Amino acid sequence: MTKEYDENEDIIKSIVAMEGSNNVYNVTSHDIDSSSTTSLKLTYQKENEREKTLRISAEADYIYNGALYKYYTKDDLTLDDCFYTLIDNTSDGKIDVIIAEKYETFMTDIVIMNENKIIDNKSNVYDLTDYFEEGGKIYNTDGDSITLDDFGAFSIISYLKSKDNKYTKFIVSQNTEEGIFNEMQSDYRYVYVSGEKYETLTRYHKNRNEYDLVNLGDEVKLFFDFAGFVADIKRISGVVKAGYIIDNISEDAKRPKIRLLKEDGSIGKVEFASSVVLDNVKRKASSLSGCESLFKNGEVIPQLILYKDNSNGKIFYLDTATDNSGIGKTSDDASFSLDYDYEKESTLRIITTNGKKVLGSKYLPDSDTKLFCVSTKIDECYVQTGNALGTGTSYKIKLYNVGEDYVPAYATIEAAPKLGEWVDWYNTTYVVENVTKVYDSATDDNYYKLIFYDGKGNINSSLIRDGDLKTPGGNVFSGDERLRKITAKDLVKGTVLQIKEDKYGISSISVQSVPMADNSEKLFEKSNSSTSYDYGITEYLFNGATMCAYGKVVKRVPGGIVVNNHIPTSAEVADGGVFPMESWNRMYPFTSSDNVWFYDKSTDELKFAPATEILEGDMIFIHRKAGTVTTAIIYR
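For clarity, every value in this text was computed on a predicted model and none was experimentally measured. (Residues numbered from 1 in each chain as written. Predicted model: local features only at pLDDT ≥ 70, side-chain atom pairs only at ≥ 80, totals over all residues. Heavy atoms only, no water.)

Novice: Please clarify how the overall build of the chain should be interpreted in this entry.
Specialist: Of the regular secondary structure elements, the chain holds three helices and 51 strands. Relative to all contacts within the chain whose residues are 6 or more apart in sequence, the contacts with residues 24 or more apart total 53%. (Helix = DSSP H or I, 4+ residues; strand = E, 2+ residues; numbered from the N terminus. Contact = heavy atoms within 4.5 Å.)

Novice: Just checking my understanding: could you explain the pairing of strand E16 (residues 176-185) for this structure?
Specialist: Within a regular strand, side chains alternate between the sheet's two faces. In the sheet, E16 pairs with strand E19 (residues 218-224) via five bridges, with the strands oriented antiparallel. Bridge pairing in E19 places glutamate 178 opposite lysine 221. Pairing analysis gives four bridges linking E16 to strand E17 (residues 190-193), with the strands arranged antiparallel. The residue of E17 that forms the bridge with phenylalanine 181 is valine 193. Turn length for the E16-E17 hairpin, with the two strands adjacent in sequence and antiparallel, is four residues, and the turn residue serine 186 shows positive phi of about 50°. (Pairing = 2+ DSSP bridges.)

Novice: Before we go on, may I ask you to explain the pattern of salt bridges in this structure?
Specialist: A pair can form between side chains of opposite charge whenever their charged atoms are brought close. Throughout the structure, instances matching the rule amount to 22 salt bridges. Residue arginine 586 pairs with glutamate 525 through a salt bridge whose shortest N-O separation is 3.0 Å. Residue arginine 586 is located in strand E47 (residues 585-589), and its partner glutamate 525 is located in strand E43 (residues 524-528); the two are separated by 61 residues in the primary sequence. Each of the two residues, arginine 586 as well as glutamate 525, counts as buried. The structure contains a network of salt bridges with shared partners spanning Lys102, Glu104 and Arg203. (Salt bridge = Lys/Arg side-chain N within 4 Å of Asp/Glu carboxyl O. Buried < 20%, exposed > 50% of the residue type's maximum accessible area, 1.4 Å probe, protein only.)

Novice: Whenever I open this one, the sheet that holds strand E32 (residues 356-359) confuses me. Can you help?
Specialist: Each strand in a sheet pairs with its neighbour through backbone hydrogen bonds, running either in the same direction (parallel) or in the opposite one (antiparallel). Reading across from one edge, E32-E31-E35 is the order of the three strands in this open sheet, with antiparallel pairing throughout. Only two strands of the sheet have a single neighbouring strand rather than two, namely E32 and strand E35 (393-395). The average angle at which neighbouring strand axes cross in this sheet is 35°, direction not considered. Pairing between strand E31 (residues 348-353) and E32: four bridges, direction antiparallel. Bridge pairing links threonine 353 to lysine 356 in E32. (Axes fitted to C-alpha atoms, helices over the stretch in contact; angles between N-to-C directions.)

Novice: So what exactly am I meant to see when it comes to the pairing of strand E10 (residues 117-120) here?
Specialist: Examined bridge by bridge, strand E9 (residues 104-112) and E10 share four bridges and lie antiparallel to one another. The residue of E10 that forms the bridge with isoleucine 110 is isoleucine 119. Counting the residues that bridge the hairpin from E9 to E10 gives four residues, and of these asparagine 116 lies at a positive phi of roughly 55°. The hairpin turn running from E10 into strand E11 (residues 125-127), its antiparallel successor, is four residues long, and serine 123 in that turn takes a positive phi close to 75°.

Novice: Sorry, what's going on with unusual backbone geometry here?
Specialist: Negative phi is the rule for most residues except glycine; trans is the rule for most peptide bonds. For the bond running from phenylalanine 579 to proline 580, omega is -5°, close enough to zero to count as cis. Backbone geometry at aspartate 187 places phi at a positive 55°, although glycine is not the residue there. Residue position: aspartate 187 is located in the loop between E16 and E17. The exposed category is assigned to aspartate 187, whose relative accessible area is 52%. Although it is not a glycine, serine 194 sits at a positive phi angle of roughly 50°. Of note, serine 194 is situated in the loop between E17 and strand E18 (196-199). By relative accessible area, which is 46% here, serine 194 ends up partly exposed.

Novice: Just checking my understanding: could you explain the packing of aromatic side chains for this structure?
Specialist: For any pair of aromatic rings, the description consists of the separation of the ring centres together with the inter-plane angle of the planes. Applying the stated rule across the entire model yields 28 aromatic pairs. Through pairs of rings, three or more aromatic residues link up here, namely Phe106, Tyr126, Tyr131, Phe132, Tyr159, Tyr167 and Phe170. (Phe/Tyr/Trp six-rings, centres within 6.5 Å; stacked < 30°, edge-to-face > 60°.)

Novice: Hey, could you run me through the confidence of the model for the chain in this one?
Specialist: Mean pLDDT over the chain stands at 85; residues scoring 70 or higher make up 88%. This stretch, residues 530-537, has a pLDDT under 50; its non-local contacts, to residues over four places away or in other chains, come to 24 contacts. (pLDDT = per-residue confidence, 0-100.)

Novice: Quick question: what am I supposed to make of the environment of alanine 58 here?
Specialist: Mapped onto the elements of the fold, alanine 58 is located in strand E5 (residues 52-64). According to the relative accessible area criterion, alanine 58 is exposed, its value standing at 63%. Considered as a pair, alanine 58 and lysine 94 are 36 residues apart in the sequence and their alpha carbons are 9.2 Å apart.

Novice: What am I meant to see in the sheet that holds strand E13 (residues 145-146) here?
Specialist: Reading across from one edge, E11-E10-E9-E14-E15-E12-E13 is the order of the seven strands in this open sheet, with mixed pairing throughout. Two strands bound the open sheet, and with one partner strand each, they are E11 and E13. As judged from the three bridges shared by strand E12 (residues 138-140) and strand E15 (residues 167-173), these two strands associate in the parallel manner. Bridge assignment links isoleucine 138 to a residue of E15, and that residue is phenylalanine 170.

Novice: How should the environment of serine 287 be read in this particular structure?
Specialist: Along the chain, serine 287 falls in the loop between strand E24 (281-284) and strand E25 (295-296). In this structure, the C-alpha to C-alpha distance between serine 287 and valine 276, residues eleven residues apart in sequence, is 9.6 Å. From its side chain, serine 287 meets the backbone oxygen of lysine 284 in a polar contact 2.7 Å long. (Polar contact = N/O pair within 3.5 Å; in protein donor to acceptor, adjacent residues only side chain to side chain.)

Novice: Quick question: what am I supposed to make of the side chain of threonine 105 here?
Specialist: The topology assignment puts threonine 105 in strand E9. Here threonine 105 is in contact with Ile157, Ser158, Leu201 and Arg203, once residues within four sequence places are set aside.

Novice: Teacher, can you tell me more about a negative patch on the surface here?
Specialist: A contiguous patch of negative charge, built from Asp127, Asp130, Glu133 and Glu134, is present on the exposed surface. Note that glutamate 134 resides in the loop between helix H1 (129-133) and E12. Residue classification places glutamate 134 among the exposed residues on the basis of a relative accessible area of 64%. (Patch = residues over 30% accessible without salt bridge, like charges linked within 9 Å, V, L, I, M, F, W, Y side chains within 5 Å. Areas by Shrake-Rupley, 256 points an atom, 1.4 Å probe, with all protein chains shown as cover. Lys, Arg positive; Asp, Glu negative; His and termini not counted. Charge placed at Lys NZ, Arg CZ, Asp CG, Glu CD.)

Here it is, written out as structure tokens:
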């Protein structure tokens, strides 16, 4: 190796390694055993390698951050966060040249380009004017030269500075990673984030009090220097999880332990860390049993909570909900808020309106809603999303963190609907496309999948775990006993039905009309009068707010169609009455923009088409709610 040296400035101008004559060793301060290292030998061990010792010549040159120094000590070989290049250029087994690059690091806050200044996040100012005037450059991690306008805040700067305080090199890193802070070792020398192991700079783990506090379980962002060491860790936010406390399973008040239904649906026994932040107040775990928001008479209060746990699964942060309940209440901030409580108000019923499930005429539980279904029986507790709530059911429900769009972030219900429950006619009416048999390899079970359409033409599907489901007694509006005997797995195209769903899929059906092969569908009208639910026994009940009817199109008129669905009684026949009886004609307005379902028995075709295609003689099923026809199916 040859070098050009300026004795006046003690600066190495250039170093050139001669081919074939050099043995080069690259070592970082993290690898060096300071207890065994002296000024004449250096002991180091890289990860997954054996320990090695290098002998050093008594006349070795020591180059520190670009400047040659005639004297050095053991301390110069054991500097923190230093990269050493050790060169044996005479092949005699001794190190002749030691190049030490000790980088200092900081995180940028402000870059002032027109003043050549960088201000770090501790308000220290770095003036690079002289450095630039002497030809100095800034490099990125790829070794490319960059300018001050190529980076900004939250960049990691690594720089070299000679012993006489002259900058000799700047490297900028903008490399980051995000994840969950799982574990730390050797007092933060090693950190594990989302399962990956990272090594920190010595400056970071020796001076932890100078850096932001991060806790196990937090969501964090790692900031790396150019060499891949962690230079800083910032807390993005704590990873908040939701869970439902079922009961407490520890009689030791000093070490509380609870049974928790977690948001992933699992049920686990959970301990508290030695200290816990409960509702923003730090407490010892042994004192939690005295906290009224969490315990009553020594027993934990079953309730929904938000919490954070550490890598050992112990809860160190917990929020109970602030009671802000009231009908129509929404949350106006990010705090944990109980916004509707059936215990104070009433149960809420869910119906489908314009293709969306609406709870209590106000709330919109959807796929973003975490729904905790709780029971006194542990094995009946489960978690699903809000859109799995069955229609036509009244729920004992609590809603939390309801947004301005009326979508709850969390909800709890006390019990799931039972299989085979009543389906009432406020439910949405659907027309069946088909039923297919499906095999679930995960459960080694067969079930059925129902494909169906709503009155607006939207396709839906749901699972039928029990393919032998039948319409509950008394729930066929026409009174046609044949419809009660049809099983869910045998539903045919064109069938009109209403459904109720639970966590497993369809829990109950109500078959209202089937395109019988012999054309023996029963004409009927069932109307919701002002006093009760009645069959159409008089010609005036069709004025009810809600009505289901199956009849015949007897006439087309400019404003719509005329339908008759009354079979003359024996008395009416005796008086000369025949179908259709004029006094039972119903007028249903349709416009050119309205679409309805058409089912053709001869071709087994089901289509969604303009109502203007309806013809005299067509059979029609109509479901009207609150004066509006929500579903209409034409049969030919």
